[in-house]
Amino acid sequence: MSDPLDFKTTMDFAYGVPAPMGPGIVRLVANNPSPFTFRGTNTYLVGTASLAVIDPGPDDAAHISAIMAAANGRPVTHIFVTHAHRDHVDGADRLKTATGAITHAFGRAGAVDATLAISPSGKMFVNTSFKAGVQVRHGDVFSGQDWQLEALHTPGHAPDHVCFALTGRRILFSGDHMMAWNTTVIAPPEGHMASYLDSMEKLLGRTDRLYLPGHGGRLEQPQRMVKAQLIHRSMREQEILANIRAGAATIREIVPAVYQGLESRLLPAATLSVLAHVEHLVDRGLVACAGSLSSESALSPL
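To start, this report covers the structure provided alongside it. (Residues numbered from 1 in each chain as written. Predicted model: local features only at pLDDT ≥ 70, side-chain atom pairs only at ≥ 80, totals over all residues. Heavy atoms only, no water.)

Along the polypeptide, Met178 turns up in the loop between strand S11 (171-175) and helix H4 (193-204). For Met178, a relative accessible area of 0% puts it in the buried group. Spatially, the C-alpha atom of Met178 lies 9.5 Å from that of Cys163, the residues being 15 residues apart in sequence. The contacts of Met178, once residues within four sequence positions are left out, are Thr184, Tyr196, Met200, Leu203, Tyr211, Pro213, Leu219, Met225, Val226 and Gln229. (Helix = DSSP H or I, 4+ residues; strand = E, 2+ residues; numbered from the N terminus. Buried < 20%, exposed > 50% of the residue type's maximum accessible area, 1.4 Å probe, protein only. Contact = heavy atoms within 4.5 Å.)

Turning our eyes to something else, we now look at helix H7 (residues 267-283). The terminal C-alpha atoms of H7 lie 24 Å apart, and with 17 residues this matches the ideal 24 Å at 1.5 Å per residue to within 8%. Contacts from the buried residues of H7 go to H4, helix H5 (222-245), helix H6 (251-258), strand S14 (287-289) and strand S15 (299-301). Phi turns positive one or two residues past the end of H7, at Gly285, with a value near 75°. (Expected span 1.5 Å × (residues − 1).)

Taken in spatial order, the seven strands make up an open sheet running S1-S2-S3-S4-S5-S6-S7, and their pairing is mixed. Looking at which strands have only one partner, the edges of the open sheet turn out to be strand S1 (19-22) and strand S7 (134-135). Relative to strand S4 (residues 51-54), strand S3 (residues 42-46) runs antiparallel, the two sharing three bridges. If you follow Val46 over to S4, its bridge partner there is Ala52. Against the sheet, helix H3 (residues 92-99) makes contact with S4, strand S5 (76-80) and strand S6 (102-105), and its axis sits at roughly 170° relative to S5, the strand it touches most. (Pairing = 2+ DSSP bridges. Axes fitted to C-alpha atoms, helices over the stretch in contact; angles between N-to-C directions.)

Counting 21 residues, the largest nonpolar core has Ile25, Phe80, Trp147, Leu149, Leu166, Phe173 and Leu212 as the members making the most contacts within it. Only S1, S3, S4, strand S9 (148-153), strand S10 (162-166), S11 and strand S12 (210-213) provide two or more residues apiece to this core. No other element matches the three residues that S10 contributes to this core. Leu5, Cys163, Tyr196 and Tyr211 belong to the second largest nonpolar core, which has 20 residues in total. (Core = buried A, V, L, I, M, F, W, Y, C linked by side-chain atoms within 4.5 Å.)

Sheet architecture is open: six strands sit in the order S8-S9-S10-S11-S12-S13, paired in mixed fashion. In this open sheet, the two edge strands, each paired with only one partner strand, are strand S8 (141-143) and strand S13 (219-220). Direction of pairing for S12 relative to S13: antiparallel, over a ladder of two bridges. Pairing of Tyr211 across the sheet is with Leu219, part of S13.

Further remarks concern the pairing of S3. Within S3, five of the five residues are buried, which leaves it mostly tucked inside the rest of the structure. Burial along S3 is two-sided: Asn42, Tyr44 and Val46 and Thr43 and Leu45, pointing in opposite directions, are all buried. Pairing between strand S2 (residues 25-29) and S3: five bridges, direction antiparallel. Counted as the bridge partner of Arg27 is Tyr44 from S3. Connecting the antiparallel pair S3 and S4 is a turn made up of four residues, with Gly47 showing a positive phi of about 120°.

Further remarks concern the packing of H4 against H5. As a packed pair, H4 and H5 sit with axes 9 Å apart at the nearest point and diverge in direction by 150°. In terms of axis orientation, H4 runs roughly antiparallel to H5. In this structure, H4 crosses over H5, and the sense of that crossing is left-handed. Only Gln223, Val226, Lys227, Gln229, Leu230 and Arg233 of H5 make contact with H4, whose side of the interface consists of Met193, Tyr196, Leu197, Met200, Glu201, Leu203 and Leu204. Partitioning the contact of H4 with H5 into residue classes produces eight nonpolar, two polar and three charged. (Parallel < 35°, antiparallel > 145°, perpendicular 65-115°, else oblique. Left-handed = near helix turned anticlockwise from the far one by under 90°. Nonpolar A, V, L, I, M, F, W, Y, C, P; charged D, E, K, R; others polar.)

Here you go:
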């Protein structure tokens, strides 16, 4: 079976320049490109009179200045955070100081274990100290003078991940849950494949016409992409299971078999994806793992 995904890897933008995404919506792209962030983190300004900012991005003075310039004197009353990964949230304090706006985020239960928030590159990618002024819950609705956003808890990429639906517009700010340029990285233990798939299934029941993601360009026909990505994840998992049944003993052996010809810079993301799928297979009783799960753990089919 062929892979059903059709990614959009082009993006029309310029750093520091606001781009209209629709009436009362502009996008600014932070200058923090990487294999995980694509061209950079997208920040959205919503409203025409009073403004909401969705994902202030990294702690970058130039990016915050661009947000303030795009606001052009209009009050920023709300700062919404889709999840507490540093590329989305580190600029929140700087923007809060500049505007006096209140931060809104789902938050996490208890303290975050800093040892679990370090990426394969050795960098801390979760802002373990971030605390929102308002704790968001699934279904909460927030309003400005001419906008209204509904919070949808969508764990999987991160346990605190939230999408925000623009009421009456059928537009979803999808954060890192769904993107047009690539599949979302699910990196255990921060990410959890079963939760991610459940969150994706919830989106199928919606009628959104447009997703505005945390990285990359607009996602048109989002329901079609949600279905395609669910099929893709199922196909990938079956391919991983077939490799284990054929004798692949570790994740490190599986990765080159299922990601043939992959660029070396994308290897960490691919390894994390396979790790998440193997964890899902172990949880479902289809694969056994000797000891705690890692890229070197001995795997066997059940």
